[in-house]
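# A closer look at the structure
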Amino acid sequence: MTVIESGRERLAFPWTDGVVSTAAGDVPRVRAALSARDRLGTMRARWGIGRMNYQVAPGLYAVGTPDGRSPVLVSANYKMSFDVLRGVLPGRDAWILVLDTRGINVWCAAGKGTFGTDEIVRRVKEVGLELIVSHRTLVVPQLGAPGVSAPDVRKRSGFRVEYGPVRAQDLPAFLDAGMKASPDMRQVRFGARDRAVLIPVELMNGGKFALLAAAVFLLLGGLGPHGYSTAGVRAAGLPSGALILAAFLWSAVLGPLLLPWLPGRAFAVKGAVLGAVLAAGLVPVLRSMPAQALSPIHVAGWVLIIPAVASFLVMGFTGSSTYTSLSGVLQEMRYALPVQIAAGAIGVGLWVVGLFVGGGTAS
Amino acid sequence: MRYLEGPLTLSYDAGRCTGCGMCARVCPHAVFAMTDGRAIVADRGACMECGACARNCEADAISVRAGVGCAAGILAGILAGTGPTCGGSGSSCCGGD
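Residues numbered from 1 in each chain as written. Chains lettered and ligands numbered in written order. Predicted model: local features only at pLDDT ≥ 70, side-chain atom pairs only at ≥ 80, totals over all residues. Heavy atoms only, no water.

## Topic: the overall build of chain B
Inclusion rule: Here a helix means four or more residues in a row that DSSP labels H or I, a strand means two or more in a row labelled E, and each is numbered from the N terminus. Think of it in three bands: residues with accessible area under 20% of the maximum for their type are buried, residues over 50% are exposed, and the middle band is partly exposed, with areas taken using a 1.4 Å probe on protein chains only. For the area figures, the Shrake-Rupley method with a 1.4 Å probe applies, and any residue is considered shielded solely by the protein chains shown.
Within chain B one finds three helices and four strands. Burial statistics for chain B: of 97 residues in total, 46% are counted as buried. For chain B, the accessible surface area stands at approximately 4300 Å², while carbon and sulfur atoms represent 51% of it.

Quick look at the structure:
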């Protein structure tokens, strides 16, 4: 039987500690307490290391010593989602039904439909859930609801979907209250901590492009009226590459952190303001540099480039936020993208012109 | 925190509501509320178009163009010639929890 087969295979994981025998075969039992290794895995995933392959085998798992009346908690097979869930269950008896979401978290998988009605119905049948529990209720995380139709799950599987709280931390209270969530448990937040944990992945994802762009500016800095010179690379290329990296770090860190306080609702506007602040702060610094390094034309270029870059980067943070709509993002992109491209292109154009006429490098 | 409200596509036909309360339960931004056994739109501007309400409404009283408000996904969709797609590998939205 496939359940037992996959059960044995799943026992190879270090976070399991035995099996629970059921009418549908042996079910692996997971440790409710997270180990140092689990925490390290979460940390690595936060930095984007091996994140797309941080998975749990789909199927049924036991926490504690569950029986036919124990709740069935549905989860995604992204190991971080699974760990957050089992981490709040010490001392409890429950079943965890892990769906195959290809290693993607509940919210994103629900948006794609992989965390969805079809997969729930299929997985309930595959593990023989109706043989294991006497009740007919599935606790599905509320953030899975965009992919799940509770009425359809009931029609097709006989199981009633009860939407659990947004945050796993509230799950014990939800279960203890007879599967009732307070209004607060139903609302997503986007607090300072929620935003801060996203910064590492912002840095890792954008970092390679920022380094590439910095390298291009560094090398092009060698161009000048007298041809190519390494003196030019040092004088104009080096500070230019540094400015690109500064604009990137500034936006990727302060964009998420200062989001609520940046003016405007559109993220592109928030980013442009953030970039303008950096550019304004840098102008005196740039003007104090030797003219052969950064001429006034260069400075004008950076005043355009930095806000354009910041605007684009913070606009990209819409994907990580928890309150932006597709229609809203489409609208802001329609206006912002052409402006960002134009400002960036004119800025780079001025920068190149500056290499040739702004004093250049008299090597 | 509030986002752009003008272009939102959420629409609700109160006449069809059966009062099951599912929309109010699944909405992560309390857009719907229950009063006198019927759903009302309490805060339309907070909608993020996730589509959970419409998908879970047995009476088909709610419609919304569901999608992910993700600039990177929309850009990827434009470049690939498809619609907005969430998350190729490396998209930051699909790594949080």
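Text resumes after the structure shown.
## As for the packing of helix H10 (residues 199-220) of chain A against helix H11 (residues 230-258) of chain A
Residue and element names in this part refer to chain A. Going by this rule: For helices, the fitted line uses only the C-alpha atoms of the stretch in contact; every axis is such a line through C-alpha atoms, and the angle between N-to-C directions lies from 0 to 180 degrees. Roughly parallel here means an angle under 35 degrees, roughly antiparallel means over 145, roughly perpendicular means 65 to 115, and every remaining angle is called oblique. It is the rotation of the near helix from the far one that decides the hand of a crossing: anticlockwise by less than a right angle makes it left-handed, clockwise makes it right-handed. Residue classes follow a fixed rule: Ala, Val, Leu, Ile, Met, Phe, Trp, Tyr, Cys and Pro count as nonpolar, while Asp, Glu, Lys and Arg count as charged, and any other residue, Gly among them, counts as polar.
In contact at an axis separation of 9 Å, H10 and H11 are set at 165° when each is read in the N-to-C sense. The pairing of H10 with H11 is recorded here as roughly antiparallel in orientation. The element H10 and its partner H11 pack so that their crossing is right-handed. Considered class by class, the residues forming the contact of H10 with H11 number 19 nonpolar, five polar and one charged.

## Focus on helix H3 (residues 71-80) of chain B
This is how the line gets drawn: Arc definition: it is the arc formed by the directions from the helix axis to the C-beta atoms. Contact definition: two residues touch when any of their heavy atoms are within 4.5 Å.
Within H3(B), the full set of buried residues consists of Ala71(B), Gly73(B), Ile74(B) and Gly77(B). Buried residues along H3(B) cover an arc of 165° about the axis, so they all sit on one side. Exposed residues lying more than 90 degrees from the buried face of H3(B) are Leu79(B) and Ala80(B). As for H3(B), its buried residues are in contact with helix H13 (296-316) and helix H14 (326-357) of chain A.

## Topic: the packing of aromatic side chains
Residues and elements named next belong to chain A. Heads up, the rule is: Note on aromatic contacts: the rings of Phe and Tyr and the six-membered ring of Trp form a pair at centre separations within 6.5 Å, being stacked when their planes are under 30 degrees apart, edge-to-face when over 60 apart, and tilted otherwise.
Enumeration according to the criterion identifies 11 aromatic pairs over all chains in this entry. For the ring pair Phe 217 and Trp 351, a centre distance of 4.7 Å and an interplane angle of 75° mean the geometry is edge-to-face. With Phe 217 in helix H10 and Trp 351 in helix H14, this pair connects stretches of sequence that are 134 residues apart. Here Phe 217 matches Trp 351 in class, with each residue buried.

## Concerning the domain arrangement of chain A
You'll often see interface size given as the accessible area lost when the parts meet. Residues and elements named next belong to chain A. Worth spelling out the cut-off: The split into domains, and so the bounds of each, comes from an automatic or database assignment of domains. Any carboxyl oxygen of Asp or Glu within 4 Å of a side-chain nitrogen of Lys or Arg constitutes a salt bridge here. Here a polar contact means two N or O atoms within 3.5 Å. Within protein one must be a hydrogen donor candidate and the other an acceptor candidate, and residues neighboring in sequence count only if both atoms are side-chain atoms.
Domain boundaries assigned for chain A yield domain 1 (7-188) and domain 2 (193-357). The gap between the C-alpha centroids of domain 1 and domain 2 is 42 Å. If you look at where domain 1 meets domain 2, you find zero salt bridges. Taken together, domain 1 and domain 2 are joined by zero residue pairs in polar contact (both at pLDDT 80 or more). For the side of domain 1 that touches domain 2, the residue count by class is three nonpolar, one polar and two charged.

## Quick word on the nonpolar core
Spelled out, the test is: Buried residues of nine kinds, namely Ala, Val, Leu, Ile, Met, Phe, Trp, Tyr and Cys, make up a nonpolar core once their side-chain atoms join them within 4.5 Å.
Among the nonpolar cores identified, the biggest contains 57 residues, and Trp95(A), Phe115(A), Leu129(A), Leu138(A), Val140(A) and Tyr163(A) are the most heavily contacted of them. Broken down by element, this core gets its largest block of residues, four residues, from helix H4 (residues 106-112) of chain A.

## A few points about the environment of Tyr3(B)
Along the polypeptide, Tyr3(B) turns up in the segment before strand S1 (11-12). Judged by relative accessible area, which is 2%, Tyr3(B) ranks as buried. In sequence terms Tyr3(B) and Met48(B) are 45 residues apart; their C-alpha atoms lie 8.6 Å from each other. Residue contacts for Tyr3(B): discarding those within four places in its chain leaves Arg265(A), Ala266(A), Phe267(A), Thr318(A), Tyr323(A), Thr324(A), Ser325(A), Gly328(A), Val329(A) and Glu332(A). Engagement of the side chain of Tyr3(B) in a polar contact is seen with the backbone nitrogen of Val329(A), the distance being 3.4 Å.

## Things to note about the sheet that holds strand S3 (residues 59-63) of chain A
Residue and element names in this part refer to chain A. Heads up, the condition is: When DSSP finds two or more bridges between a pair of strands, those strands are recorded as paired.
Read from one edge to the other, the open sheet built from seven strands follows the order S1-S2-S3-S5-S4-S6-S7, with strand pairing classed as mixed. Every other strand in the sheet has two partners, leaving strand S1 (16-22) and strand S7 (160-164) as the edge strands with one partner each. When strand polarity is set aside, the average angle formed by the axes of neighbouring strands in this sheet is 35°. With five bridges joining them, S3 and strand S5 (residues 94-98) adopt antiparallel strand pairing. Paired with Ala 62 across the two strands is Trp 95, which belongs to S5.

## Describing the pairing of S3(A)
All names here are of chain A. In terms of residue burial, S3 counts as a mostly covered element, since five of its five residues are buried. Sheet analysis places strand S2 (residues 25-30) next to S3, joined by two bridges and oriented parallel. Its bridge partner being in S3, Val 30 is matched across the sheet by Val 63.

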